[in-house]
Amino acid sequence: MLTLDQVKSKSSARLIGLHPVVMAAATVLIERCYTRGVPILITQGLRTIAEQNGLFAQGRTQAELNAAGLSSVKAQPDKPKVTNAKGGTSYHNFGLAIDFALLLPDGKQVSWDLKRDGDGDKVADWTEVVQEAKALGFEWGGDFVSIKDAPHFQITFGMTTSQLRAGAKPSEIAMAKAKAIIDQLKEEVKEDMSKIEELEAIIAKQDERLMDVEKRLNISGKETYAINYSEAITAAKAVGAITTSAEKSKLELNVIQMLYNMGLFAKGDK
């Protein structure tokens, strides 16, 4: 199983350039999803104007791009349409949005399967991520009216992209309110992680105990019987209680010795 640090490291490069509050929210989102058994990968954060225009070109003809004032952008009519936002009209362009995918157990592959239930809790992993994101103050692209954008989250601070293009910044009050929610949920993550670590310690200790029991009882059957069992083994074989003196577990040897001591095998009978 991937550790939280391993999961977070896979998204770190894509958090660069995000608004500090959005970066904090994205980090806590990764942490909270991890505690629910749903590791995620941030696939995109800050997006350049050129990158946004490239996405806008998908599913559109050159005539449509020309009409949108993007005559210098190459049309990609054979691709599916993915956004109605051209450069400067997406919150990605201002570091206020992220896209994500489900990180699969191998830590290398991702999934956009909205119905996947990798943690087996009868709730779709995607739904769990959306729940956590909304709790942190993110708006979800799956709620958009025009084009649904299931992997998309954004925190707008109540601002439009027109205001952001004009150079306006989120207010201190809006940022403080958002940060307060994030900080509160981050503390809950610490508590959850502490519980997880306690459970992991208990499991590790139980594993040690099981290994010790297996060793003492020789459940694996790999240890041969000691010399002091030989008389009991010989007697048991002589009366047909066992058919061979081949390798036996310690548990078997103890039972044979106990029955021998009770006189159920004729001592000395060869």
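Relevant structure appears above.
As the structure is a computational prediction, the values presented were derived from the model and not from experiment. (Residues numbered from 1 in each chain as written. Predicted model: local features only at pLDDT ≥ 70, side-chain atom pairs only at ≥ 80, totals over all residues. Heavy atoms only, no water.)

Draft legend 1. Structural detail: the environment of Gln 109. Assignment of secondary structure puts Gln 109 in the loop between β2 (97-103) and β3 (110-111). The partly exposed category is assigned to Gln 109, whose relative accessible area is 48%. Expressed as a C-alpha distance, the spacing of Gln 109 and Leu 41, which sit 68 residues apart in the sequence, is 9.8 Å. The residues contacting Gln 109, other than those within four sequence positions of it, are Leu 102, Leu 103 and Leu 104. A polar contact is formed between the side chain of Gln 109 and the side chain of Asp 106, at a distance of 2.8 Å. (Helix = DSSP H or I, 4+ residues; strand = E, 2+ residues; numbered from the N terminus. Buried < 20%, exposed > 50% of the residue type's maximum accessible area, 1.4 Å probe, protein only. Contact = heavy atoms within 4.5 Å. Polar contact = N/O pair within 3.5 Å; in protein donor to acceptor, adjacent residues only side chain to side chain.)

Draft legend 2. Spatial organisation of the packing of helix α8 (residues 230-238) against helix α9 (residues 250-261). Put simply, α8 and α9 touch, their axes get as near as 9 Å, and they point 75° apart. On the basis of the axis angle, α8 is roughly perpendicular to α9. Judged by residue contacts, Glu 231, Ala 232, Ile 233, Ala 235 and Ala 236 of α8 engage Leu 253, Ile 256, Gln 257 and Tyr 260 from α9. Taken together, the residues of the contact of α8 with α9 break down into seven nonpolar, one polar and one charged. (Axes fitted to C-alpha atoms, helices over the stretch in contact; angles between N-to-C directions. Parallel < 35°, antiparallel > 145°, perpendicular 65-115°, else oblique. Nonpolar A, V, L, I, M, F, W, Y, C, P; charged D, E, K, R; others polar.)

Draft legend 3. How the structure looks around the pattern of salt bridges. Taken as a whole and judged by the stated rule, the model has 10 salt bridges. Note that Glu 132 and Arg 36 form a salt bridge whose closest N and O atoms lie 2.9 Å from each other. Highlighted residues: Glu 132 in helix α5 (residues 125-135) and Arg 36 in the loop between α2 (20-35) and β1 (40-44), separated in sequence by 96 residues. We classify Arg 36 as partly exposed; its relative accessible area is 29%. Of the charged contacts in the structure, one is a salt bridge between Asp 143 and Lys 134, with a shortest N-O distance of 2.9 Å. Using a relative accessible area of 43% as the deciding quantity, one classes Asp 143 as partly exposed. Each member of the salt-bridge network shares a partner with another, and the members are Arg 32, Arg 36, Glu 128, Glu 132 and Glu 188. (Salt bridge = Lys/Arg side-chain N within 4 Å of Asp/Glu carboxyl O.)

Draft legend 4. Looking closely at a nonpolar patch on the surface. Side chains of Leu 251, Val 255, Met 258, Met 262 and Leu 264 sit close together on the surface and give an oily, nonpolar patch of about 500 Å² of accessible area. Within the secondary structure layout, Leu 264 lies in the segment after α9. Judged by relative accessible area, Leu 264 falls into the exposed class, the value being 54%. (Patch = residues over 30% accessible without salt bridge, like charges linked within 9 Å, V, L, I, M, F, W, Y side chains within 5 Å. Areas by Shrake-Rupley, 256 points an atom, 1.4 Å probe, with all protein chains shown as cover.)

Draft legend 5. Layout of the packing of α2 against α5. Running from N to C, α2 and α5 point in directions that differ by 135°, and their axes come no closer than 10 Å. Regarding the angle of α2 to α5, the classification is oblique. Judged by the twist between their axes, the crossing of α2 over α5 is right-handed. Side by side, α2 and α5 meet where Leu 29, Arg 32 and Cys 33 of the first sit next to Val 129, Glu 132 and Ala 133 of the second. Class assignment for the residues of the contact of α2 with α5 results in four nonpolar, no polar and two charged. (Left-handed = near helix turned anticlockwise from the far one by under 90°.)

Draft legend 6. Here's a closer look at α8. Those residues of α8 that sit buried are Ala 232, Ile 233, Ala 235 and Ala 236. Taken end-on, α8 shows its buried residues confined to a sector of 165°, consistent with a single buried face. On the buried face of α8, the contacting elements are α9. Of the residues one or two after α8, Gly 240 is the one with positive phi, at around 85°. (Arc of directions from axis to C-beta.)

Draft legend 7. Main features of unusual backbone geometry. The phi dihedral of Lys 122 falls on the positive side, at around 70°, and the residue is not glycine. Position of Lys 122 among the secondary structure elements: in the loop between β3 and α5. Its relative accessible area of 77% is what places Lys 122 among the exposed residues. If you check the backbone angles, Phe 157 has positive phi at about 60° while not being a glycine. By the element assignment, Phe 157 lies in the loop between β5 (152-154) and α6 (161-165).

Draft legend 8. Summary view of α9. For α9, spanning 12 residues, the distance from its first C-alpha to its last is 16 Å, which sits close to the expected 16 Å at 1.5 Å a residue. Those residues of α9 that are buried are in contact with α8. (Expected span 1.5 Å × (residues − 1).)

Draft legend 9. Structural detail: the nonpolar core. In terms of nonpolar packing, the biggest core is built from 45 residues, with Leu 29, Ile 40, Val 129, Phe 138, Phe 153 and Phe 157 touching the most fellow members. At the level of elements, α1 (4-15), α2, β1, β2, α5 and α7 (172-217) are the ones that each hand at least two residues to this core. For this core, the leading source of residues is α2, giving nine residues. Sequence-distant contacts of Phe 157, that is, excluding residues within four places in its chain, are made with His 19, Val 21, Val 22, Leu 96, Pro 170, Ala 174, Met 175 and Ala 178. Ranked by size, the runner-up nonpolar core spans 10 residues in total, among them Tyr 229, Leu 253, Tyr 260 and Phe 265. (Core = buried A, V, L, I, M, F, W, Y, C linked by side-chain atoms within 4.5 Å.)

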